[in-house]
Amino acid sequence: MVLPVGGGVGPVRTSASARVSLPGTPLAASAARRFVRAALADWAALEVPAADRVTDQVADEAVLLVSELVTNAVVHAGTAVEVSCALDVSDREGEPPSLVVEVTDHHPTRVVRGDPPDADEPPEYAGGHGLRLVAEIAESWGTTYRRATKSVWFQMAVAPTGPAAAGGMGSAFMDAAAAVDAMDAMDAMDAANASVAGPDGGFGAGAVAGGLGAVPDGLESVPEGLGAVSEGSGAVSEGLGAEGLGTVGEGRKEGVEAVEIVAPAQGLVPVRRDPEWIQRGALSFLAEASDLLAGQFDEDMVTSLAGQLLVPRLADWCAVWLDSTSGPPRLARVWHASEGRIEGLRQVLEKEPPHVPTAVRGSAVEWPWPADPAAYGPGGAALACRLVAGGRALGTLLLGRAGLVRMPAEVVGLIEDFARRVALALASARRYTRQATISRVLQRGLLPSVIPRIPGVESAVVYEPTGEISAGGDFYDVFPAGDGRWCFVLGDVCGNGPEAAVVTGLVRPWLRLLAREGYGVGEVLDRLNQLLGEEAVEQAVEGAAEAVVAGVEAVGGPAGVVELVDGGLVGGAGLPPGGGVARFLSLLYGELEPLGDGLGVRCTLASAGHPLPLVLRPDGEVRTVAAPQILLGVVEDVSYESESFDLTPGETLLCVTDGVTEHRSGDRQFDDEDGLAATFALCAGLSARQVAERVRRAVDEFAADPPDDDLAMLVLKVL
């Protein structure tokens with residue numbers, strides 16, 4: 001539906017606007033092309049101001065760009081799409097009108113596509129040149145992220161002269177629009193029109209069913225909160241100028257009211273001035289910001305979201321510096337409402353990093369407008385605010401709004417509240433990063449850096465811990481024990497994190513020491529079981545658990561333990577000190593002894609509460625070896641028995657942890673009805689590496705959700 005409007009606020013007013021919702025189907029692009037052409041034809045037929053200045057070239061380019069953006073949204077977001085088109089007229093003499101088109105989808109977590117795809121990128125993400133075309137053709141363009149939507153808009157200037165302009169939209173264009181473009185005739189026009197047209201079945205002049213008094217969808221009432229900024233039409237909002245939502249005229253407004261920034265209304269509806277309306281807009285904005293920033297564990301993502309939340313709602317541009325302990329602040333993110341101006345703004349800001357006085361920590365202070373405004377827009381009001389969380393300064397937020405002498409007090413307070421949320425998100429992201437780094441270092445120290453080559457045996461290992469921020473409970477090892485013997489280990493500590501790392505750090509060297517001292521497989525497990533029951537081990541493991549609890553209780557306090565473990569990251573409520581810490585261990589331990597050239601190896605192994613290993617013959621037959629026995633660390637006076645058997649050339653031994661056998665899909669587990677053995681039987685003739693990959697892939701494909709337990713696998717094939 002098309003509606004001429006007028007009487008906008010500020011130097012730019014919307015002359016006409018139209019909006020339509022399209023289903024996320026292959027027909028959406030052709031419907032969008034017809035919609036834009038029909039809207040332009042209707043405006044010309046209704047003699048909307050400046051509609052006669054839209055040239056055929058501008059119309060063709062707008063149709064091309066909207067087609068690309070709708071296709072981009074349907075392919076990469078897979079949701080319904082809203083398309084809005086607006087004709088904006090400037091009240092400043094000599095400035096041409098502009099056509100603004102906005103395409104909105106409902107999948108804001110997807111990245112806007114535009115850069116050439118990487119070589120390793122999956123094929124489903126390859127292709128698409130929508131944003132590169134927009135950047136080349138449009139005068140300005142940008143993206144806007146809201147809580148549940150993502151919008152891409154572009155702006156094109158129309159001819160500066162009147163109806164006599166060469167190439168203006170004459171009857172030939174209107175006739176072509178009414179007949180629908182020839183390239184759309186093959187796109188199942190009737191089906192597309194049924195999906196997107198109004199009751200009259202089309203977008204032509206007849207689409208203005210209610211005459212000039214009809215109100216299009218989305219403009220019947222004032223939207224709540226800051227989501228109203230450029231909501232629906234893509235037109236320039238109040239207080240902003242024609243240059244892609246990013247600039248205003250040369251004159252600067254002294255008396256701008258907070259409501260025009262915090263809770264603007266559409267041009268058809270008078271702006272509400274009461275404090276309650278402003279408060280609702282502010283609360284809506286802060287709720288959306290908290291929603292988007294919560295759970296972000298990458299500080300660069302936090303700064304990116306902060307920029308997209310501020311621009312163009314509260315500011316025309318913003319920048320975020322992050323403090324560093326080892327050098328000067330880093331300019332992490334620069335954002336401008338007109339994306340073509342981001343680089344110019346970055347170059348200016350890199351020369352003038354802000355240095356906010358320590359006394360104003362957490363408060364927004366007026367800041368000089370950065371130099372060289374020609375690079376990114378005219379002058380205005382700028383604010384700087386230190387990002388402080390837990391008494392520690394993390395960076396600086398700098399933002400500006402063109403055309404103002406100073407920011408209204410309500411807006412300043414809102415920006416300070418927003419900055420506190422950004423600072424808390426940055427603090428959480430940094431704690432997560434530190435914890436993940438510590439865990440990776442710890443994990444590398446607990447596992448062998450390389451698997452040695454066993455003569456006559458091919459080996460492969462798969463190890464996948466479930467999380468980045470805690471050391472896994474699974475471990476493996478392969479090592480020589482002397483006298484031609486080779487030992488292999490696959491274990492699973494009950495639990496994970498620091499307490500599991502302590503047990504792993506004790507068990508691996510004990511196993512190596514006992515094996516090299518000449519103890520047999522059963523004797524090694526006997527002595528290891530006794531060692532796990534000793535008081536020193538109990539104190540070490542419980543000490544690790546208490547360190548976790550100390551970290552939980554100290555969140556927000558002094559740095560130190562908090563940087564090692566954070567309760568929100570490790571497990572929420574922490575672990576009970578002085579008891580309840582699992583020191584139990586399931587273990588598969590074995591020895592390999594060569595039998596001679598071409599005869600294979602003799603394998604002796606024992607399983608203590610561990611999934612039993614499987615042997616695959618070259619003909620595809622699978623058998624289980626070893627007998628189940630109790631976990632280590634549960635009962636002190638227990639004796640473990642080992643089993644010996646020969647592995648002949650071509651036979652493969654598969655050892656896994658319960659992360660493989662107990663991987664769940666609903667009520668089923670992967671090893672139900674001998675699922676692991678069935679998968680293993682299909683691996684006859686494969687190398688050790690191929691067997692490991694085949695089984696790992698089968699586990700991944702068994703359930704849609706990723707495994708919720710550490711996964712480890714050891715494959716040994718006799719050559």
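Residues numbered from 1 in each chain as written. Predicted model: local features only at pLDDT ≥ 70, side-chain atom pairs only at ≥ 80, totals over all residues. Heavy atoms only, no water.

Caption draft 1: Structural detail: helix α12 (residues 521–532). Between its first and last C-alpha atoms α12 spans 17 Å; for 12 residues at 1.5 Å apiece the expected length is 16 Å, and the two agree. When we look at burial in α12, the residues that qualify are Val-521, Gly-522, Val-524, Leu-525, Asp-526, Leu-528, Asn-529 and Leu-532. (Helix = DSSP H or I, 4+ residues; strand = E, 2+ residues; numbered from the N terminus. Expected span 1.5 Å × (residues − 1). Buried < 20%, exposed > 50% of the residue type's maximum accessible area, 1.4 Å probe, protein only.)

Caption draft 2: Expanded view of the environment of Thr-149. Along the polypeptide, Thr-149 turns up in the loop between β5 (140–145) and β6 (150–157). By relative accessible area, which is 13% here, Thr-149 ends up buried. As a C-alpha pair, Thr-149 and His-107 span 42 residues in sequence and 5.8 Å in three-dimensional space.

Caption draft 3: Main features of the packing of aromatic side chains. Summed over the entire model, instances satisfying the criterion amount to 5 aromatic pairs. Here the aromatic rings of Tyr-463 and Tyr-476 are separated by 5.9 Å at their centres, their planes lie at 55 degrees, and the arrangement is tilted. Of this pair, Tyr-463 sits in strand β12 (residues 457–464) while Tyr-476 is found in strand β13 (residues 474–482), placing the two residues 13 residues apart along the sequence. Of the two residues examined, Tyr-463 and Tyr-476, each falls in the buried class. Residues Phe-670 and Phe-702 carry aromatic rings whose centres are separated by 5.6 Å and whose planes lie at 85 degrees to one another, so their mutual orientation is edge-to-face. Of the two residues, Phe-670 sits in the loop between β22 (668–669) and α17 (675–681) while Phe-702 sits in helix α18 (residues 688–702), which places them 32 residues apart along the sequence. Here Phe-670 falls in the buried class, since its relative accessible area comes to 6%. (Phe/Tyr/Trp six-rings, centres within 6.5 Å; stacked < 30°, edge-to-face > 60°.)

Caption draft 4: Quick look at the pairing of strand β14 (residues 485–493). Among the 9 residues in β14, 9 count as buried, and that is most of the element. Here 8 bridges tie β13 to β14, and the two strands are oriented antiparallel to one another. Bridge pairing in β14 links Asp-474 to Asp-492. Linking β13 to β14, which pair antiparallel, is a turn of 2 residues; within it Asp-483 sits at a positive phi near 60 degrees. Two strands pair when backbone bridges link them, and β14 and strand β15 (residues 585–596) are joined in this way by 8 bridges, in the antiparallel orientation. Paired with Asp-492 across the two strands is Ser-586, which belongs to β15. (Pairing = 2+ DSSP bridges.)

Caption draft 5: Focus on the packing of helix α1 (residues 28–45) against helix α2 (residues 56–76). Following both chains from N to C, one finds α1 and α2 inclined at 150 degrees, their axes separated by 8 Å at the closest point. Classified by the angle between their axes, α1 and α2 sit roughly antiparallel to one another. Handedness of the crossing formed by α1 with α2: right-handed. Residues Ala-28, Ala-29, Ala-32, Arg-33, Val-36, Arg-37 and Leu-40 of α1 form the contact with α2, whose own contacting residues are Ala-59, Asp-60, Ala-62, Val-63, Val-66, Ser-67, Val-70, Thr-71 and Val-74. Among the residues making up the contact of α1 with α2, the classes are represented as 11 nonpolar, 2 polar and 3 charged. (Axes fitted to C-alpha atoms, helices over the stretch in contact; angles between N-to-C directions. Parallel < 35°, antiparallel > 145°, perpendicular 65-115°, else oblique. Left-handed = near helix turned anticlockwise from the far one by under 90°. Contact = heavy atoms within 4.5 Å. Nonpolar A, V, L, I, M, F, W, Y, C, P; charged D, E, K, R; others polar.)

Caption draft 6: Geometry of the sheet that holds β12. Within the open sheet, the 5 strands sit side by side as β12-β23-β20-β17-β18. Their pairing is antiparallel. Strands with a single pairing partner mark the edges of an open sheet, and in this sheet they are β12 and β18 (622–624). Strand-to-strand twist in this sheet, taken as the mean axis angle between neighbours without regard to direction, amounts to 20 degrees. Pairing analysis gives 8 bridges linking β12 to strand β23 (residues 711–718), with the strands arranged antiparallel. Residue pairing across strands places Val-461 opposite Leu-714, the latter belonging to β23. Most of the contacts of α18 go to β12, to which it runs at about 30 degrees, and overall it touches β12, β20 (652–656) and β23.

Caption draft 7: Fine view of the nonpolar core. Counting residues in each nonpolar core, the largest one holds 58 residues, and the members touching the most others are Leu-310, Leu-399 and Phe-418. The biggest single contributor to this core is helix α10 (residues 409–446), with 12 residues. With residues up to four places along the chain from it excluded, the contact list for Phe-418 reads Phe-285, Leu-286, Ala-289, Ala-306, Leu-309, Leu-310 and Leu-397. Membership of the second largest hydrophobic core comes to 50 residues, among which are Ile-454, Cys-487, Ala-515 and Val-601. (Core = buried A, V, L, I, M, F, W, Y, C linked by side-chain atoms within 4.5 Å.)

Caption draft 8: Here's a closer look at the pattern of salt bridges. Counted according to the given criterion, the structure contains 20 salt bridges. Salt-bridge contacts for Arg-313 lead to Glu-288; the nearest nitrogen and oxygen are separated by 2.6 Å. Here Arg-313, found in the loop between α8 (299–310) and β7 (317–324), pairs with Glu-288, found in helix α7 (residues 275–293); they are 25 residues apart in sequence, far enough to count as distant. When sorted by exposure, Arg-313 lands in the same class as Glu-288, which is buried. Across the pair Glu-651 and Arg-623 runs a salt bridge whose closest N-O atoms are separated by 3.7 Å. With Glu-651 in the loop between β19 (643–647) and β20 and Arg-623 in strand β18, the pair connects residues that are 28 residues apart, well separated along the chain. Residue Glu-651 is classed as buried on the basis of its relative accessible area, which comes to 3%. Judged by relative accessible area, Arg-623 falls into the partly exposed class, the value being 27%. Three or more residues joined by partner-sharing salt bridges are found here, namely Glu-464, Glu-693, Arg-696, Arg-697 and Asp-700. (Salt bridge = Lys/Arg side-chain N within 4 Å of Asp/Glu carboxyl O.)

Caption draft 9: Focus on a nonpolar patch on the surface. A cluster of nonpolar side chains, contributed by Phe-584, Ile-630, Val-634 and Val-635, occupies part of the molecular surface with about 280 Å² of accessible area. Looking at the element boundaries, Ile-630 is found in the loop between β18 and β19. (Patch = residues over 30% accessible without salt bridge, like charges linked within 9 Å, V, L, I, M, F, W, Y side chains within 5 Å. Areas by Shrake-Rupley, 256 points an atom, 1.4 Å probe, with all protein chains shown as cover.)

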